[in-house]
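# A structural walkthrough
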Amino acid sequence: MSLWIWLLIACLLAYAWKIVGYFVPAKFLEDPRTSRIAGTMTIGLLASLTVVNAVVSGQGLAADARLGALAVAAIALVLRAPFLVVVIAGAGTAALLRVLGWS
Amino acid sequence: MKLLASPAVRVGISISIATGLYGISFGALAVTSGLNFWQAMALSLLLFSGGSQFAFIGVVAGGGSGIAAMGAATLLGMRNGIYGMQLNALLRPTGWRKYVGAQLTIDESTATSTGQTDPAEQRRGFWTAGIGVYVLWNLFTAVGALAGSALGDPKQWGLDGAAVAAFLALLWPRLKGREPIAIAAVCAVATVVAVPFVPPGVPILVAAVVAALVGWFSHGRRDEGLEPDVEPYGTHHPGAHHEAASTHNDAAGAGPGMPPPERTDPEAGA
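I will try to describe carefully the structure that is included in this document. (Residues numbered from 1 in each chain as written. Chains lettered and ligands numbered in written order. Predicted model: local features only at pLDDT ≥ 70, side-chain atom pairs only at ≥ 80, totals over all residues. Heavy atoms only, no water.)

With their axes 7 Å apart at the nearest point, helix H1 (residues 2-23) of chain A and helix H6 (residues 78-91) of chain B run at an angle of 30 degrees to one another. On the basis of their axis angle, the class for H1 of chain A and H6 of chain B is roughly parallel. As for how H1 of chain A packs across H6 of chain B, the hand of that crossing is right-handed. For the pair H1 of chain A and H6 of chain B, the contacting residues are Trp 17, Lys 18, Gly 21 and Tyr 22 of chain A in the first and Met 78, Asn 80, Gly 81, Gly 84, Met 85, Leu 87 and Asn 88 of chain B in the second. Residues of the contact of H1 of chain A with H6 of chain B, tallied by class, amount to five nonpolar, five polar and one charged. (Axes fitted to C-alpha atoms, helices over the stretch in contact; angles between N-to-C directions. Helix = DSSP H or I, 4+ residues; strand = E, 2+ residues; numbered from the N terminus. Parallel < 35°, antiparallel > 145°, perpendicular 65-115°, else oblique. Left-handed = near helix turned anticlockwise from the far one by under 90°. Contact = heavy atoms within 4.5 Å. Nonpolar A, V, L, I, M, F, W, Y, C, P; charged D, E, K, R; others polar.)

In this section: the packing of aromatic side chains. Residue and element names in this part refer to chain B. Across all of its chains, the model carries nine aromatic pairs over all chains by this definition. Arranged with centres 5.5 Å apart and planes meeting at 80 degrees, the rings of Phe 26 and Phe 54 form a pair that is edge-to-face. Of this pair, Phe 26 sits in helix H2 (residues 23-32) while Phe 54 sits in helix H4 (residues 50-61), and the two are 28 residues apart along the sequence. Phe 54 carries the same exposure label as Phe 26, and that label is buried. Ring centres of Phe 54 and Phe 167 lie 6.1 Å apart, and the angle between their planes is 80 degrees; on these two criteria the pair is classed as edge-to-face. Taken together, the positions of Phe 54 in helix H4 and Phe 167 in helix H10 (residues 159-171) put the pair 113 residues apart, joining distant regions of the chain. When its relative accessible area of 0% is taken as the criterion, Phe 54 is described as buried. One aromatic cluster is present, built from ring pairs that chain together Phe 26, Phe 54, Trp 137 and Phe 167. (Phe/Tyr/Trp six-rings, centres within 6.5 Å; stacked < 30°, edge-to-face > 60°. Buried < 20%, exposed > 50% of the residue type's maximum accessible area, 1.4 Å probe, protein only.)

Okay, unusual backbone geometry next. Keep in mind that most residues, glycine aside, have a negative phi and that most peptide bonds are trans. One non-glycine residue, Arg 80 of chain A, lies in positive phi territory at about 65 degrees. Mapped onto the elements, Arg 80 of chain A comes out in the loop between helix H4 (65-78) and helix H5 (83-99).

The subject of this paragraph is helix H1 (residues 7-20) of chain B. Residue and element names in this part refer to chain B. Taking 1.5 Å of rise per residue, 14 residues should cover 20 Å, and H1 covers 20 Å from first to last C-alpha, within 8% of that figure. If you check which residues of H1 are buried, you get Ala 8, Val 9, Val 11, Gly 12, Ile 15, Ser 16, Thr 19 and Gly 20. All buried residues of H1 project into a common sector of 160 degrees when viewed along the axis, lining one side. (Expected span 1.5 Å × (residues − 1). Arc of directions from axis to C-beta.)

Let's shift gears to the nonpolar core. The biggest cluster of nonpolar side chains holds 91 residues, and the ones touching the most others in it are Val 86 of chain A together with Leu 29, Leu 43, Phe 54, Phe 56 and Ile 57 of chain B. With twelve residues, helix H3 (residues 32-55) of chain A is the single largest residue contributor to this core. In contact with Ile 57 of chain B, not counting residues within four places along its chain, are Phe 26, Leu 29, Ala 30, Ser 33, Leu 35 and Leu 43 of chain B. (Core = buried A, V, L, I, M, F, W, Y, C linked by side-chain atoms within 4.5 Å.)

Examined against the element boundaries, Gln 103 of chain B turns out to sit in helix H7 (residues 96-103). Separated by 83 residues in the primary sequence, Gln 103 of chain B and Gly 20 of chain B have C-alpha atoms spaced 16 Å apart. Gln 103 of chain B has contacts with Tyr 15 and Lys 18 of chain A together with Leu 45, Leu 46, Leu 47, Phe 48 and Tyr 134 of chain B, leaving out every residue within four places of it along the chain.

Take the interface of chain B and chain A next. Opposite the 101 residues of chain B that make contact, chain A presents 68 residues. A salt bridge links Arg 36 of chain A to Glu 179 of chain B; the shortest N-O distance between them is 2.9 Å. Counting across the interface, chain B meets chain A through 16 residue pairs in polar contact (both at pLDDT 80 or more). Secondary structure elements with two or more residues in the side of chain B that touches chain A: helix H3 (37-47), H4, helix H5 (66-76), H6, H7, H10, helix H11 (178-194) and helix H12 (202-217) of chain B. Counting residues per element, the side of chain B that touches chain A draws most heavily on H10 of chain B, at twelve residues. Taken together, the residues of the side of chain B that touches chain A break down into 64 nonpolar, 27 polar and ten charged. (Salt bridge = Lys/Arg side-chain N within 4 Å of Asp/Glu carboxyl O. Polar contact = N/O pair within 3.5 Å; in protein donor to acceptor, adjacent residues only side chain to side chain.)

Spelled out as structure tokens, the structure:
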């Protein structure tokens, strides 16, 4: 139940970011620091989310089949595969490694 | 159909289809992360910003609390505020259009609009891509969520591996050049270091703080990793990055508010 509450707050704040942009004076847009932080934060968060999903297990680190998925996804991206192919390659690798016995 | 003769409308439609399809992966990952069908749908219908949606379920999947998931999603939605400022200056929407347009403000609609030069086309591009992505993204979220529920144990199908691949694919097109790569590396290390010391989900927020500090104190390009990666004509729109060819990959991307799968077919906009 509490997940619903945070989920709805997240939705509300997402809309708040969007609508605030439409009411902020154009001058603010010219502040390079604002847009730069929005940019670095996007990169930092995505990098962090990738790592968390690849090697974090609860409050510890784990080297399991997800690492294989990470490696194969990186190769697929270097080869310029489309998003859906990258995701399927990641899933397939993790599933295959588990069949082969690497949890 | 006179409307289909508009390049912006054609670009908007192709982006809608390409992006909408990724709703399948979001829906499937959402339910295997522990959300139910309606929670997955609420994120697509109400939050409607792919990066933030993936962040929310990513934190939940990692055992993080609802508040940490909310925090990560909100921070990742920050750039939509910048897009809102750009679109407000560009389209000058009034009345209800401002409030509806705000909800439709994501990477794809912003790029389709800013990629046009004629004001009428800018308007058409925004609304076509915005409404198109919204409808298809929600439709395919439902399909993915239903399929995901039917799969059973997500690990057996490697769906945790799919999540890893999805986040890397979202990050990839933003790593254009040495500095973004350095920021990504520093934040990845900060995450790993923080994991044993803080509750699940919080390491992601630690990385966000680190990234914000880098942004505050460094002097690189102002639009670093920020501008939409959709390039409506397959050419650069003003403010686009200079590409560092070795790391740039147009072929990655996903979801509303995220880089597209591939550069829009040049013919679609020609």
